[in-house]
Amino acid sequence: MKRLLLATALLAAPMLAQAADAPKIDPAKLSAHIKVLSSDEFEGRGPATAGEKKAVGYIVDQMKAIGLTPAGDLQKDGKRAWTQNVPLGKFEITGPVSAGVTVGGDRQTWTQGEQIAVRAAMTNVDAVSIKDAPIVFVGYGVKAPERNWDDFKSLDVKGKILVVLINDPDFETGSGDFGGKAMTYYGRWTYKYEEAARLGAAGVLIVHETAPASYGWNTVKNSNTNVMFDIVRKAPAKQHPSLEAWIQRDTAVALFKKAGLDFDALKTQAQSRDFKPVALPGATFSADYKVKHETIVSKNIAGRIVGTKYPNETVIYSGHWDHLGVGAPDARGDKIYNGAVDNADGIAGILELARAFKSRPAPQRSILFLAVTAEEKGLLGSEYYGANPLFPLATTVGDINIDALSAAGPAKDVGTSGDGKVDLQDMLVAKAKLHGRYFTPDPAPQAGHFYRSDHFPFAKRGVPAISIGSGNDLYKGGKEAGEKAEADYTDNRYHQPADEWRADWDLSGQAMDLGLVYEIGADLANSRVWPKWQAGSEFKALRDKTSAQRK
Ligand SMILES: [Zn+2]
């Protein structure tokens, strides 16, 4: 509590000044942007489609009209373009997947989509061929020096297939070194692959369990057995092991049993710091499949206001412009996934924030308005920006990301995706309070939402970052109405062709929420404040390494 009170006291004076004369965000302007961006003409804004050209054209035109300065790739003439090219690798398994284990002398075949879900390899190979690789259970597969935790001990994983549990070691017990039920980054499946690649393992089999994963096998199957995308990397094998796959829990239990081991007992052992990797005696894994790979180029869009006093220090507002494009028809025969809420409304938000900032004298620090691509393909536009920043990350003050704000009307509360343990979140809490509103913490931190939005590629590189989320406690109808509206969106519109613009939306709630993030950005852009990660954050140590560059 002490930390929060201190932060509030320090910021109270500028906040009050801002609150009194902050420019108003116009809901009608938000609606007009969303209507265009989510129209059928934009074909669901799939990256590297005709819809991308239209979306990028619209956003650039708006940024020009608002009076931003182009902030994209540096051109040969020394000027910046409005866009940043984002080359993406596209990877697809062609032909059948042969996979299985030999254990206790028996060969068992695993069927793609049933016992196992193998992703197309993203290491630029034409085929993956693994023959009789030894299998080792490595618990949660976590190496967290700041928590004095290492599941690998001194195991040499080269050439081996690792069986890994999803989520982090204290998920089941609810208390421990990894935030209890809440998921740290060590619990995310992306982390499991990354750590295995860093150590040089041949492959990873993540054991799917519904509660710790927070989604069912169908989600795993659907999102892993189709076309994969990644940013083009200089050394992809440092990011991805050759084989990345999930297996069903029952499949794992049977495999362990056949190898003379007890899956549940080993899982319990893995919840302890003393856990040591366990080889599956006499068990080997084999797989063979072909991969087609090509490169496509999509674009991030970047416009900025150059700071008057500290132009090299940058506050970022981000949001993804892409959506799912054209796909399977719904019951109405509609094939266009318009993505009005997800995330035409976030783009409308950053455009209107830009207009608000341009209506005031330029701030001391620079503000970057960044519309990123390929969020729906795995946060790739923001990942590309993080790996190839247009402005240095060490002097990036913070990123406030806007994704899928609610169109259900104004709420008394506001939230974030996941619990960030970062000062930006406390600033949002304080701003909400200042306006007679309140902050609602993420009700399901175990789902790891903090790691599933475009602010995360900034966070994992140490840049303080949050994604703002709408509250559900509506002024009209309270929580009951808000939760009903959210459930209606999730069930009937989210990632479906019916996520469409509506004339009867009440966007005054979005305007209010954008007003809060305007004030946070204005405070930061006109101060010497560097928001920090707080104790217990897995990103604090990384940020601290560059602290000498922030005076
Ligand atoms: Zn989405």
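Residues numbered from 1 in each chain as written. Predicted model: local features only at pLDDT ≥ 70, side-chain atom pairs only at ≥ 80, totals over all residues. Heavy atoms only, no water.

Asks: Got a minute to help me understand the layout of surface pockets in this structure?
Replies: Here the idea is plain: a probe the size of a water molecule rolls over the atoms and shows the empty space left. Its volume calculated, the second largest pocket comes out at about 500 Å³. Around the second largest pocket, the lining is made up of 18 residues, and of these Tyr-185, Glu-194, Arg-198, Lys-460 and Leu-542 lie nearest the centre. Secondary-structure elements contributing two or more residues to the lining of the second largest pocket are helix H4 (189-199) and helix H15 (540-544). (1 Å grid on protein atoms, 1.4 Å probe; cavity = no way out; pocket = protein on both sides within 12 Å on 5 of 7 lines; lining within 4 Å. Points joined across faces, edges and corners; volume = space filled by probe spheres on them. Helix = DSSP H or I, 4+ residues; strand = E, 2+ residues; numbered from the N terminus.)

Asks: Looking at this model, I keep getting lost on the environment of Asp-413. Mind explaining?
Replies: Looking at the secondary structure, you find Asp-413 in strand S18 (residues 413-416). Residues contacting Asp-413, with those up to four places away along its chain left out, are Arg-437, Tyr-438, Thr-440, Gly-471, Asn-472 and Asp-473. (Contact = heavy atoms within 4.5 Å.)

Asks: Hey, could you run me through the coordination of the zinc ion in this one?
Replies: Each donor-metal-donor angle in an ideal tetrahedron of four donors is 109.5 degrees, and each such angle in an ideal octahedron of six donors is either 90 or 180 degrees. Taken together, Asp-342 (OD), Glu-376 (OE), Glu-376 (OE) and His-495 (NE2) make up the full set of protein donors to the zinc ion, lying 1.9 to 2.5 Å away. Taken together, the four donor atoms surrounding the zinc ion define angles of 56 to 145 degrees at the centre, an arrangement classified as irregular. (Donors = N, O, S within 2.8 Å, 3.2 Å for Na, K, Ca; no water. Tetrahedral: all angles 85-135°; square planar, octahedral: opposite > 155°, others 65-115°.)

Asks: Mind showing me how you'd approach the confidence of the model for the protein here?
Replies: The predicted coordinates of low-pLDDT regions are not to be read in fine detail. Residues with a pLDDT of 70 or more make up 96% of the protein, whose mean pLDDT is 93. Every residue in residues 1-18 scores below 50 in pLDDT, and together they form 18 contacts with partners more than four places removed in sequence or on other chains. (pLDDT = per-residue confidence, 0-100.)

Asks: What am I meant to see in the pattern of salt bridges here?
Replies: Pairing between side chains of opposite charge can happen when their charged atoms approach one another. Under the defined criterion, the tally for this structure stands at 31 salt bridges. A salt bridge links Arg-198 to Glu-195, with the nearest nitrogen and oxygen atoms 3.1 Å apart. Here Glu-195 and Arg-198 lie together in helix H4, a separation of three residues that amounts to about one turn. In this structure, Glu-209 engages Arg-249 in a salt bridge whose closest nitrogen and oxygen atoms are separated by 2.4 Å. In this pair, Glu-209 is assigned in the loop between strand S9 (203-208) and helix H5 (210-213) and Arg-249 in helix H7 (residues 249-258), connecting sequence segments 40 residues apart. By relative accessible area, which is 8% here, Glu-209 ends up buried. Each of Glu-194, Asp-230, Arg-233, Glu-383, Lys-460 and Arg-461 takes part in a single network of salt bridges with overlapping partners. (Salt bridge = Lys/Arg side-chain N within 4 Å of Asp/Glu carboxyl O. Buried < 20%, exposed > 50% of the residue type's maximum accessible area, 1.4 Å probe, protein only.)

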